[in-house]
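Reading the structure
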2 protein chains.
Amino acid sequence: MSTSFPAFPPKDHDHCACLNTALGRAKARCNEQGIKWTALREQVFLEVATSHKPVSAYDLIDVLAKNGKRVAPVSIYRILDVLQSAGLVHRLESRNAFFACMADHGSAAHTITLVCEDCDRVIEAAAPDALHAIAAAAEAANFLMRHTVVEVSGLCADCAAREAPSC
Amino acid sequence: MSTSFPAFPPKDHDHCACLNTALGRAKARCNEQGIKWTALREQVFLEVATSHKPVSAYDLIDVLAKNGKRVAPVSIYRILDVLQSAGLVHRLESRNAFFACMADHGSAAHTITLVCEDCDRVIEAAAPDALHAIAAAAEAANFLMRHTVVEVSGLCADCAAREAPSC
DNA sequence: TTCTTTTACGTTATAACATTACATATTGTG
DNA sequence: CACAATATGTAATGTTATAACGTAAAAGAA
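What you are looking at is a predicted structure, and each value in this text was computed from that prediction instead of being measured.

1. A closer look at the overall build of chain A
Helix and strand counts for chain A stand at six helices and five strands. Across the 167 residues that make up chain A, the buried fraction comes to 42%. Partitioning the intrachain contacts of chain A with sequence separation of at least 6 by distance along the chain shows that 55% fall at a separation of at least 24.

Next comes the structure, spelled out in structure tokens:
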């Protein structure tokens, strides 16, 4: 199976290549949108993208600090705002954390977010039917939908297998 | 139109009756589940339910303080946990806030949450199709779904009408 | 080029949200 | 009543996010 919105990446996938692809896409996207790609933005984006797990703003501060770059919270939040508005990073509302968008979709993409409670990995899964049904329900309630958050927590296949090894 | 999951309540609805119904249901629910209905829990529940808007834990502390009852954050969070586990109060992840469940459904109810960006009112809308589609997408990704958050922000009918009066 | 404007980033302080660890009080049951 | 279980209090602290204002660096115009 090979779709544009894959399942959780295998643990041994080529992370370096994966990261480079994301980086290239990110630069291109910012270029299109007239958003400057600065050194600091790149560092932040790479830190977010390096982890397939959601990271908090303060996680990022810590990591950058270890790399010798001290950044204040407000700077991180500003940069995360920029990356979010470019659609390169999404916020995981249910965890007050951020993760890199690994797919090449617009901000209005019909995807939902799946988070593994065990290993914390995050993926986006295509779910146009779900988004349409949500739109229909909103419309039925006479509600003008602007932004939708769909976050599912549970177990990824790997962790589910590990938790129930007897079967 | 009259469903069990109504649209936003009219601004002039009988809030007092609405509150009493919710209160009765809350007590009954706790009784069923073997959860004690204490004076403090009642106060907290009523404060949450009195507002159709999401309230933060610290909002609740402030309101209770005005009513002469000083409560520490930890107590509020504990009580909110209890009310949430009883399905009487839900957390609005996208706002770090809480709102009372006005419908008589279990915690696994097939509802989504609609929040008006303008007036901040919250309702839950039935959306079984949406939830089923989400389940299908999760399954397709080989993901064992445990908990789902669906929060839609936008404009309720009243506010949409107010924002676009020319039409 | 210099001047000007805009955008990015830094500094400091503080607000807002949430939990840990431990103590006390209240309630229900034998 | 004594006891156990549950609920709440107290104090401290951890975590997440923003406001207000200053400086620097980049982009565009004269």
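2. Quick notes on helix H4 (residues 73-85) of chain B
All names here are of chain B. Taking 1.5 Å of rise per residue, 13 residues should cover 18 Å, and H4 covers 18 Å from first to last C-alpha, within 8% of that figure. What H4 keeps buried is the set Ile 76, Ile 79, Leu 80, Val 82 and Leu 83. Seen from one end, H4 has its buried residues packed into an arc of 160°, which puts them on one side. Of the exposed residues in H4, those oriented more than 90 degrees away from the buried face are Arg 78 and Ser 85. Tucked into the core, H4 has its buried residues touching helix H2 (39-50), helix H3 (57-66), strand S1 (89-92) and strand S2 (97-100). Backbone geometry just downstream of H4 places Gly 87 in the positive-phi region, at approximately 75°.

3. With respect to the protein's contact with DNA strand C
For DNA strand C, the set of nearby residues contains 16 residues, the closest of which are Thr 38 and Arg 78 of chain A together with Tyr 58, Tyr 77 and Arg 91 of chain B. Sugar and phosphate atoms form 48% of the subset of DNA strand C atoms that lie within 4 Å of the protein. A distance of 3.0 Å separates a phosphate oxygen of DNA strand C from a polar atom in the side chain of Arg 41 of chain A. Here a phosphate oxygen of DNA strand C and a side-chain polar atom of Ser 75 of chain A are 3.3 Å apart. Elements with a contribution of two residues or more to the surface near DNA strand C: helix H2 (39-50) and helix H4 (73-85) of chain A together with H4 of chain B. Broken down by element, the surface near DNA strand C gets its largest block of residues, four residues, from H4 of chain A. For the surface near DNA strand C, a count of residues per class yields seven nonpolar, four polar and five charged.

4. Structural notes on the protein's contact with DNA strand D
In the neighbourhood of DNA strand D, 17 residues make up the surrounding shell, with Tyr 58, Tyr 77 and Arg 91 of chain A together with Thr 38 and Arg 78 of chain B lying closest. Sugar and phosphate atoms constitute 46% of the interface atoms of DNA strand D, taking the interface as everything within 4 Å of the protein. Thr 38 of chain B is positioned such that a nitrogen or oxygen atom in its side chain is 2.6 Å from a phosphate oxygen of DNA strand D. Looking at the surface near DNA strand D, the elements that each hand over two or more residues are H4 of chain A together with H2 and H4 of chain B. When residues in the surface near DNA strand D are grouped by element, the largest group, four residues, is from H4 of chain B.

5. Structural notes on the UniProt feature "binding site: Fe cation" (unreviewed entry) in chain A
Residue and element names in this part refer to chain A. Those residues carrying the UniProt feature "binding site: Fe cation" (unreviewed entry) are His 110 in this numbering. Following the sequence through the fold, His 110 ends up in the loop between strand S2 (97-100) and strand S3 (111-116). Looking at His 110, the relative accessible area reads 34%, which means it is partly exposed. His 110 has contacts with Ala 125, Ala 126, Ala 127, Pro 128, Leu 131 and His 132, leaving out every residue within four places of it along the chain.

6. Some words on the interface of chain A and chain B
If you look at the interface, chain A gives 39 residues, while chain B gives 39 residues. It is Phe 143, Arg 146 and Leu 155 of chain A in chain A that bury the most area against chain B; as a group they hold 20% of the surface buried on that side. There are two salt bridges connecting chain A and chain B. Across the salt bridge formed by Glu 117 of chain B and Arg 146 of chain A, the nearest N and O atoms sit 2.6 Å from each other. Taken together, chain A and chain B are joined by 12 residue pairs in polar contact (both at pLDDT 80 or more). Of all the secondary-structure elements, those providing two or more residues to the side of chain A that touches chain B are S3, strand S4 (122-126), helix H5 (128-140), strand S5 (144-155) and helix H6 (157-163) of chain A. Of all the elements, S5 of chain A adds the most residues to the side of chain A that touches chain B, at 12 residues. Across the side of chain A that touches chain B, the residue classes break down as 26 nonpolar, seven polar and six charged. Of the pairings in the sheet, the one linking S5 of chain A to strand S5 (residues 144-155) of chain B comprises 11 bridges and is antiparallel in character. Along S5 of chain B, the bridge assignment pairs Ser 153 of chain A with His 147 of chain B.

Rules and cut-offs
Residues numbered from 1 in each chain as written. Chains lettered and ligands numbered in written order. Predicted model: local features only at pLDDT ≥ 70, side-chain atom pairs only at ≥ 80, totals over all residues. Heavy atoms only, no water. Helix = DSSP H or I, 4+ residues; strand = E, 2+ residues; numbered from the N terminus. Buried < 20%, exposed > 50% of the residue type's maximum accessible area, 1.4 Å probe, protein only. Contact = heavy atoms within 4.5 Å. Expected span 1.5 Å × (residues − 1). Arc of directions from axis to C-beta. Near = heavy atom within 4 Å. Polar contact = N/O pair within 3.5 Å; in protein donor to acceptor, adjacent residues only side chain to side chain. Nonpolar A, V, L, I, M, F, W, Y, C, P; charged D, E, K, R; others polar. UniProt positions renumbered as here; feature names shortened; annotations may be inferred. Buried area = accessible area lost by both parts, 1.4 Å probe. Salt bridge = Lys/Arg side-chain N within 4 Å of Asp/Glu carboxyl O. Pairing = 2+ DSSP bridges.

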